[in-house]
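Chain by chain, the residues run as shown.
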Amino acid sequence: MEQKISEIKNILQAADICGLSAFINTYEADIRPGVKGLVEKARKKLAAYEKEVARTEKMKEYERKYASFSHICGIDEVGRGPLAGPVVAGAVILPKDCDILYLNDSKQLTEKKREELYDVIMEKAVAVGLGFVSPERIDEINILQATYEAMREAVGKLLPAPDILLNDAVTIPGITLRQVPIIKGDAKSISIAAASIVAKVTRDRLMAEYDKVYPEYGFASNKGYGAASHMDALRRLGPTPIHRRSFIKNIC
């Protein structure tokens, strides 16, 4: 008895990546237009998966280059530009056989995808470290030095300790480890991309909590950046304790 198209559709929906090739082989000879459409959909899903595997493999260039080091650490920060909130650095050591797909510069990912990848990174990483520098400290030492301080803190929390750092563009002062600064590293190295995602999700969650304390400023949506509604609240209500005074002196 011929299978119903609805049944075949359910099989495709349940198929994982490994099952797509088998699905195509099983149903590609079926001449029904509905089935042909499902087979084409399976082919597209498989092609997209293979393209992502190839992209991810390309992002392992630096991890392969420095494979002789035992613990390669990617490091990145988020929060240099906002008017409020801390700067947060992430440091991540991924396993040598890392198989996490879709790692990328956190700004290129949707919030949902970042959250999904955060959970996978936290589960699979050899070690994760986070560094936080407060608005007060940013005002005291400036944002660049605060960024370096957050990065040093993040690296210092790693266990096992790294023996080489892959950095997003910068060389961190005060660290004796070998450092490899990579321009746009969060789009070129899976380790830096993972650090970018961990730092971004951590800071976004923190700003969402601040939004509950200071709801007038829209921190949950603007994350402390200078959105129009945020600027308006600043002018009307003045700064909160988490605002960076050195960033807002010309606003209010």
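Scroll up to find the structure this text is about.
Note that the structure is predicted; figures quoted are calculated from it, not measured.

Visitor: Residue-level account of the pattern of salt bridges, with values.
Guide: Evaluated as defined, the whole model comprises 19 salt bridges. Two residues, E2 and R32, come together in a salt bridge whose shortest N-O distance is 3.7 Å. Residue E2 is located in the segment before α1 (5-14), and its partner R32 is located in the loop between α2 (17-27) and α3 (33-58); the two are separated by 30 residues in the primary sequence. Classification of E2 as exposed rests on a relative accessible area of 59%. Note that R137 and E140 form a salt bridge whose closest N and O atoms lie 2.9 Å from each other. Taken together, the residues span about one helical turn, with R137 and E140 both in helix α6 (residues 135-141) at a distance of three residues. For R137, a relative accessible area of 27% corresponds to the partly exposed category. A single salt-bridge network, built from bridges that share partners, covers E2, D30 and R32.

Visitor: Go over the sheet that holds strand β2 (residues 87-93), please, and point to the residues and values.
Guide: Across the sheet, five strands lie side by side as β3-β2-β1-β4-β5; this open sheet has mixed pairing. Sheet topology places β3 (127-133) and β5 (178-182) at the edges, where each strand pairs with a single neighbour. In this sheet, adjacent strand axes meet at a mean angle of 20° when their direction is disregarded. Bridging between strand β1 (residues 72-78) and β2 involves six bridges; their strand directions are antiparallel. If you follow E77 over to β2, its bridge partner there is A89. Helix-sheet contacts for helix α7 (residues 143-156) involve β1, β2, β3 and β4 (164-168), and the interaxial angle to β3 is about 150°.

Visitor: Break down empty space enclosed by the protein for me, with residues and values.
Guide: The final tally for this structure, using the stated rule, is one cavity of 30 Å³ or more. Looking at the largest cavity, its volume works out to about 30 Å³. Along the walls of the largest cavity sit E111, R114, E115, V201 and D204, which together make up its complete lining. If you list the elements that add at least two residues to the lining of the largest cavity, you get α5 (111-124) and α8 (190-213). Element by element, the count of residues in the lining of the largest cavity is highest for α5, at three residues. Of the residues belonging to the lining of the largest cavity, the class tally is one nonpolar, no polar and four charged.

What counts and what doesn't
Residues numbered from 1 in each chain as written. Predicted model: local features only at pLDDT ≥ 70, side-chain atom pairs only at ≥ 80, totals over all residues. Heavy atoms only, no water. Salt bridge = Lys/Arg side-chain N within 4 Å of Asp/Glu carboxyl O. Helix = DSSP H or I, 4+ residues; strand = E, 2+ residues; numbered from the N terminus. Buried < 20%, exposed > 50% of the residue type's maximum accessible area, 1.4 Å probe, protein only. Pairing = 2+ DSSP bridges. Axes fitted to C-alpha atoms, helices over the stretch in contact; angles between N-to-C directions. Contact = heavy atoms within 4.5 Å. 1 Å grid on protein atoms, 1.4 Å probe; cavity = no way out; pocket = protein on both sides within 12 Å on 5 of 7 lines; lining within 4 Å. Points joined across faces, edges and corners; volume = space filled by probe spheres on them. Nonpolar A, V, L, I, M, F, W, Y, C, P; charged D, E, K, R; others polar.

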